[in-house]
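This is what each chain is made of:
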Amino acid sequence: MPVIFEKSRCGRSAYAVPSWELADTDPIPAAMCNDGVDLLEVGEVDIVRHYTALSRMNFGVDTGMYPLGSCTMKYNPKINERVAALPGFTSLHPLSSPALSQGSLEVLYDLSEYLAAITGMRRFSFAPAAGAHGELAGVMVIKKYFEKKGENRGVILIPDSAHGTNPASVAMCGFQVREVPSTAEGDVDLHKLAAMVDDNVAAMMLTSPNTLGLFDRNIVEIARVLHDRGALFYCDGANLNAVLGVAKVRAMGFDLMHINLHKTFSTPHGGGGPGSGPLGVSDELEPFLPVPVVLKGKDGFYLDQNRLDSIGRIHSFYGNFLVALRAYAYIRMLGPEGIRDAGNTAVLNANYLLSLLRKEYNLPIDRICKHEFVLNDKDMPNGVTTNDIAKRILDFGFHAPTVYFPLLVPGAIMIEPTETENRETLESFAAAMIAIKREAESDPEIVKSAPHSTPVRKVDAVLAARKPVLKWEG
Ligand SMILES: *Cc1c(COP(=O)(O)O)cnc(C)c1O
């Protein structure tokens, strides 16, 4: 498709208020054309058609099912957008005094209380701008906690199923990463863990439920092993959707966690837009939260800036406020029962989809799953790979699942349907996956050369990495 500048023609323009003066000159002065300034000249209809066509070349959760595991690409209710666009919020200057921003401070305070009720943590800071930023803030809290105790601990443990941001956050904060192996059943290997925990271990970072979509059956025992040696237990809360309103992360024994508001609490994400990764901590770790912390006093809500043990400021102002506002709207709209329904339905949908696919696809770890599950390409005939399946599913009108993650499953296909897909959609997705299996048996070339119906066909990934074309040469 041509870029809009290629559609530009001298003298064309969109809506313009006519001059009230009668003039007999040429309506397009010659000087406006070819004057060396490369301005766009197109009619209104060209603009509308150009951008409508572009939007139809894209795929989003408003277009179809988006089963990208580990990302919780649920449908984002439009009411969130209405609330986040209210001028009382959008036109409030971040330097306004607390007296003039009581409503916005109340949103942050109440949201922290809601998240505390859902997770059992004491308080949340909305400073982190994404999940990975929440991890970094959490590891900084861990560091400060041991500094304050006068203990020098240099290691943080991470299981082999972890998301790549976990070891990155730990390393950025100056800790050494040590990998904990999983059992063949997908749990943390408790015996190996017990042998690894010593007085040099500051914490373990675990995703719960884990990135295989499994709830670790030894979670309480893992917490005990860590706490017995004085170490802390950090929860990567990216998968909170699975246990929403059902199990409290704090009660599992975790001391601190981040939540990906954009995943669990429905802000459109995936295009690199703003996110929010609030950090929640136990009573004991509360003094270390980043500043400012929103508190409630007898004269209303205020910003507590003077906290001696705080790790300090990690973001301008109050983090990505409008993402927190969307999460607030989402939680208020669902209420406690709705929140629990969302978590339970996410798990039900995943298990239903798994039951439809398990006869046709290899399931490396065969257990009841939480909100997502991991298949792989082991049973695919004629050399059809995970990558081929991911490309072919686009022709059926679905986004691809997450592929080749988690790393401990070769050829992983990680599927997370979320609670927002109905039964018919789940069944048509399963039918498409099974149709691809049949094609792999009878006509593998059609799978290997897919996609056939998308604006961009199978790209040469090696060429794209070696010789990226990043600039339009007009
Ligand atoms: C998404 C995700 C992260 C990172 O969160 P961002 O908001 O993308 O920075 C970390 N861990 C897990 C398990 C995730 O799924």
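Quick caveat: nothing in here was measured; it's all calculated off a predicted structure.

The immediate surroundings of the ligand are formed by 13 residues, with Ser-70, Gly-131, Asp-236, His-262 and Lys-263 found nearest. Here Asn-260 contributes a side-chain N or O atom positioned 2.9 Å from an oxygen atom of the ligand. Taking 380 Å² as the accessible area of the ligand by itself, protein coverage stands at 87%. Its residues assigned to classes, the shell around the ligand shows 3 nonpolar, 7 polar and 3 charged.

Pro-292 follows Val-291 through a cis peptide bond whose omega is -5 degrees. Of note, Pro-292 is situated in the loop between strand 7 (279-281) and strand 8 (293-297). Here the bond from Ala-450 into Pro-451 is cis, since omega is 0 degrees, no more than 30 degrees from zero. Backbone geometry places Thr-72, a non-glycine residue, at a positive phi of 45 degrees.

Grouped together as the largest cluster of nonpolar side chains are 54 residues, with contacts concentrated most on Met-204, Leu-261 and Phe-265. Elements with a contribution of two residues or more to this core: helix 4 (102-119), strand 2 (155-159), helix 7 (190-196), strand 4 (201-207), helix 8 (219-228), strand 5 (232-236), strand 9 (300-304) and helix 10 (321-357). Counting residues per element, this core draws most heavily on helix 10, at 11 residues. Ignoring anything within four residues of it in the chain, the contact list for Met-204 reads Leu-157, Pro-159, Val-180, Val-188, Leu-193, Ile-222, Leu-226, Leu-232, Phe-233 and Tyr-234. Among the nonpolar cores identified, the runner-up in size contains 28 residues, and Tyr-145, Ala-202, Tyr-234 and Leu-295 belong to it.

Turning our attention to the state of the cysteines. Overall, the coordinates contain 0 disulfides when judged by the stated rule. A disulfide-free cysteine, Cys-71 has its sulfur positioned 16 Å from the sulfur of Cys-369, the nearest such atom. Overall, the relative accessible area of 22% leaves Cys-71 in the partly exposed class.

Our next topic: the side chain of Lys-437. As for its placement among the helices and strands, Lys-437 is situated in helix 12 (residues 423-442). For Lys-437, a relative accessible area of 9% corresponds to the buried category.

This paragraph deals with the domain arrangement of the chain. For the chain, the assigned domains read domain 1 (4-57), domain 2 (78-334) and domain 3 (345-466). Between domain 2 and domain 3, the C-alpha centre-to-centre distance is 31 Å. Between domain 2 and domain 3 the total buried area reaches about 1,500 Å² when both faces are included, carbon and sulfur atoms providing 61% of it. Our count for the domain 2 to domain 3 interface comes out at 1 salt bridge. For Asp-187, the salt bridge is made with Arg-367, and the minimal N-O distance between the two is 3.2 Å. Of the residues that constitute the side of domain 2 that touches domain 3, the class distribution is 8 nonpolar, 9 polar and 4 charged.

The next point concerns the pattern of salt bridges. For the coordinates displayed, the defined rule picks out 27 salt bridges. The residue Asp-62 makes a salt bridge to Lys-78 at a minimum N-O spacing of 3.0 Å. Here Asp-62, found in the loop between helix 1 (44-56) and helix 2 (78-84), pairs with Lys-78, found in helix 2; they are 16 residues apart in sequence, far enough to count as distant. A relative accessible area of 53% places Asp-62 in the exposed class.

What counts and how
- Residues numbered from 1 in each chain as written.
- Predicted model: local features only at pLDDT ≥ 70, side-chain atom pairs only at ≥ 80, totals over all residues.
- Heavy atoms only, no water.
- Near = heavy atom within 4 Å.
- Polar contact = N/O pair within 3.5 Å; in protein donor to acceptor, adjacent residues only side chain to side chain.
- Areas by Shrake-Rupley, 256 points an atom, 1.4 Å probe, with all protein chains shown as cover.
- Nonpolar A, V, L, I, M, F, W, Y, C, P; charged D, E, K, R; others polar.
- Helix = DSSP H or I, 4+ residues; strand = E, 2+ residues; numbered from the N terminus.
- Core = buried A, V, L, I, M, F, W, Y, C linked by side-chain atoms within 4.5 Å.
- Buried < 20%, exposed > 50% of the residue type's maximum accessible area, 1.4 Å probe, protein only.
- Contact = heavy atoms within 4.5 Å.
- Disulfide = S-S within 2.5 Å.
- Domains from an automatic or database assignment.
- Buried area = accessible area lost by both parts, 1.4 Å probe.
- Salt bridge = Lys/Arg side-chain N within 4 Å of Asp/Glu carboxyl O.

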